[in-house]
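Each chain, letter by letter, is given below.
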Amino acid sequence: QTRPLRAPPSSQDNIPQQNLESAMAKPQVVVAPVLMSKLSVNAPEFYPSGYSSYAEAYEDGCEDYPTLSEYVQDFLNHLTEQPGSFETEIEQFAETLNGWVTTDDALQELVELIYQQATSIPNFSYMGARLCNYLSHHLTISPQSGNFRQLLLQRCRTEYEVKDQAAKGDEVTRKRFHAFVLFLGELYLNLEIKGTNGQVTRADILQVGLRELLNALFSNPVDDNLICAVKLLKLTGSVLEDAWKEKGMTHMEEIIQRIENVVLDANCSRDVKQMLLKLVELRSSNWGRVHATSTYREATPENDPNYFMNEPTFYTSDGVPFTAADPDYQEKYQELLEREDFFPDYEENGTDLSGAGDPYLDDIDDEMDPEIEEAYEKFCLESERKRKQ
């Protein structure tokens, strides 16, 4: 008798009956449990991170602030975020301080808070200097230790006395030192000292200090020190030179000579050397100041100090920079054209830029974008029209 053939066992034969029925069952929709919201209509208002609540507390004065430090810091943060509010809110701030700052310690604390904000927040140095000037004239307290302006200058002197060590310090130390230097420059421009006859002058002690700070920076000619010196001279150079000339001093000539020596001798980057050369050009044009004349005259090298400002800077075979303002410009430029290695296709590190197959260089398009080209043509036409008026 022949037995019926059975199919070989499959994996399904090993599935228990209960699991098989579960697998064949229709999928069920899982309903998530309803969660009760924890939000409340009575919850306090939400403010984004860094938002200053000073604007809301301003109407109530300083009652909402437990300490002087919190009140002042909130106002400083508010000014940092909204510098345009200075004119409308500074008077109320000073009045509040006059009712709160009644001791030497409180005045010292106020000075320190403003100093730290002005030297730690990059864009607050100008506003900090304006604030210092206003408070120096409107704070009524004048204790034995000194008034607001005197304590502020004492605080700056503490940092000033370690200038040489700071200029040689590590990157973090130098960065903090540079912030102090630029704040002192803003103080020199904005801190007004009223004389007995009502005349307004600047603090001579700051003028002397800025010159010594520049010396410290140039004595340690690393890139960031030199960049700080350029920023300071762009900020204060014209005012400093005018003040020194009135006293018959040639300090600015000495500084420019020092810059030229740095360009020739220091191991700073090429970009920083370009910045220094541009600064020398700026100073040669009377710091960009052009005196208005009664009648229009065509600009020439003789009557316009800015005539050569936009001219490119070239270099001789010895690496000496020259521009169209140099007396022997034509001779040097002709020599430059005759050089066989004019505009070599190599970067500073020797990388060949003319090699074929560079996907980046191959994609460079020399044509100007049509929209930019149209805007440029309009600009040129408008400039020419204004020049002929």
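The chain is annotated in an unreviewed UniProt entry as Polyadenylate-binding protein-interacting protein 1 from Suricata suricatta. Its UniProt record gives the chain the following Subcellular location (unreviewed entry) comment, quoted word for word: "Cytoplasm". On record in UniProt, under Subunit (unreviewed entry), the comment for the chain is "Interacts with the RRM1-RRM2 and C-terminus regions of PABPC1 in a 1:1 stoichiometry. Interacts with EIF4A."

Q: I'm lost on the overall build of the chain in this one. Help?
A: Summing up its helical and strand segments, the chain has 16 helices and four strands in all. Across the 389 residues that make up the chain, the buried fraction comes to 32%. Sequence-distant contacts in the chain: of pairs separated by 6 or more residues, those separated by 24 or more amount to 61%.

Q: Looking at this model, I keep getting lost on the packing of helix 6 (residues 125–138) against helix 9 (residues 171–190). Mind explaining?
A: Each packed pair of helices is defined by two parameters, the angle between the axes and the distance between the axes. Direction vectors running N to C along helix 6 and helix 9 enclose 45°, while the axes themselves pass 8 Å from each other. Accordingly, the angle class assigned to the pair helix 6 and helix 9 is oblique. For the crossing formed where helix 6 meets helix 9, the hand is right-handed. Between helix 6 and helix 9, the contacting residues are Ser125, Tyr126, Gly128, Ala129, Arg130, Cys132 and Asn133 on the first element and Phe183, Glu186, Leu187 and Asn190 on the second. For the contact of helix 6 with helix 9, the per-class residue count stands at five nonpolar, four polar and two charged.

Q: Mind showing me how you'd approach the packing of aromatic side chains here?
A: One pair of aromatic rings is described through two measures. These are the centre distance and the angle between the planes. Tallied over the entire structure, the rule returns six aromatic pairs. For the ring pair Tyr65 and Tyr71, a centre distance of 5.3 Å and an interplane angle of 70° mean the geometry is edge-to-face. With respect to burial, Tyr65 and Tyr71 carry one shared label: buried. Considering the side-chain rings of Phe177 and Phe180, the 6.5 Å spacing of their centres and the 35° angle between planes classify their relative orientation as tilted. Here Phe177 and its partner Phe180 are both found in helix 9, three residues apart, which amounts to about one turn of the helix. Taken as a pair, Phe177 and Phe180 share a single burial class, namely buried. Taken together through their ring pairs, the aromatic side chains of Tyr65, Tyr71, Phe75, Phe93 and Trp100 make up a single cluster. Across the ring face of Tyr160, the terminal group of Lys163 is positioned such that the distance to the ring centre comes to 4.2 Å. Sitting over the face of the ring of Tyr188, Arg202 holds its NZ or CZ atom 5.8 Å from the ring centroid.

Q: Sorry, what's going on with the pattern of salt bridges here?
A: Where charged atoms from two side chains of opposite charge approach closely, those side chains can pair. Applying the stated criterion to the full structure yields 13 salt bridges. A salt bridge links Arg289 to Asp242; the shortest N-O distance between them is 2.8 Å. Of the two residues, Arg289 is situated in the loop between helix 13 (270–284) and strand 3 (314–315) and Asp242 in helix 11 (residues 223–246); the sequence distance between them amounts to 47 residues. According to the relative accessible area criterion, Arg289 is partly exposed, its value standing at 30%. Sharing partners across several salt bridges, the network here consists of Glu241, Lys245, Glu253 and Arg283.

Q: Is there a simple way to think about the nonpolar core in this case?
A: In terms of nonpolar packing, the biggest core is built from 77 residues, with Leu97, Leu110, Leu135, Phe148, Leu187, Phe218 and Ile259 touching the most fellow members. At ten residues, the largest contribution of residues to this core is made by helix 11. Among residues more than four places away in sequence, those in contact with Phe218 are Leu226, Ala229, Leu233, Ile255, Arg258, Ile259, Val262 and Leu276.

Q: What is the right way to read helix 4 (residues 86–100) from this model?
A: Taking 1.5 Å of rise per residue, 15 residues should cover 21 Å, and helix 4 covers 20 Å from first to last C-alpha, within 8% of that figure. Along helix 4, the positions that sit buried rather than exposed are Phe86, Glu89, Ile90, Phe93, Ala94, Thr96 and Leu97. With its buried residues spanning 165° around the axis, helix 4 presents them on a single face. Of the exposed residues in helix 4, those oriented more than 90 degrees away from the buried face are Thr88 and Gly99.

Q: Mind showing me how you'd approach helix 7 (residues 148–160) here?
A: Think of an α-helix as 3.6 residues a turn; residues three or four steps apart then line up on the same face. Under the 1.5 Å per step criterion, the end-to-end length of helix 7 is 18 Å for 13 residues, consistent within 8% with the ideal 18 Å. All of the buried residues in helix 7 are Phe148, Leu151, Leu152, Arg155, Cys156, Glu159 and Tyr160. Buried positions along helix 7 lie against helix 5 (104–120), helix 6, helix 8 (163–168), helix 9 and helix 10 (204–219). At the N-terminal end of helix 7, a side-chain oxygen is found 3.3 Å from the backbone nitrogen of Arg149, two or three residues along, and the residue is Asn147.

About the cut-offs
Residues numbered from 1 in each chain as written. Predicted model: local features only at pLDDT ≥ 70, side-chain atom pairs only at ≥ 80, totals over all residues. Heavy atoms only, no water. UniProt positions renumbered as here; feature names shortened; annotations may be inferred. Helix = DSSP H or I, 4+ residues; strand = E, 2+ residues; numbered from the N terminus. Buried < 20%, exposed > 50% of the residue type's maximum accessible area, 1.4 Å probe, protein only. Contact = heavy atoms within 4.5 Å. Axes fitted to C-alpha atoms, helices over the stretch in contact; angles between N-to-C directions. Parallel < 35°, antiparallel > 145°, perpendicular 65-115°, else oblique. Left-handed = near helix turned anticlockwise from the far one by under 90°. Nonpolar A, V, L, I, M, F, W, Y, C, P; charged D, E, K, R; others polar. Phe/Tyr/Trp six-rings, centres within 6.5 Å; stacked < 30°, edge-to-face > 60°. Lys NZ or Arg CZ within 6 Å of the ring centre and 35° of its normal. Salt bridge = Lys/Arg side-chain N within 4 Å of Asp/Glu carboxyl O. Core = buried A, V, L, I, M, F, W, Y, C linked by side-chain atoms within 4.5 Å. Expected span 1.5 Å × (residues − 1). Arc of directions from axis to C-beta. Polar contact = N/O pair within 3.5 Å; in protein donor to acceptor, adjacent residues only side chain to side chain.

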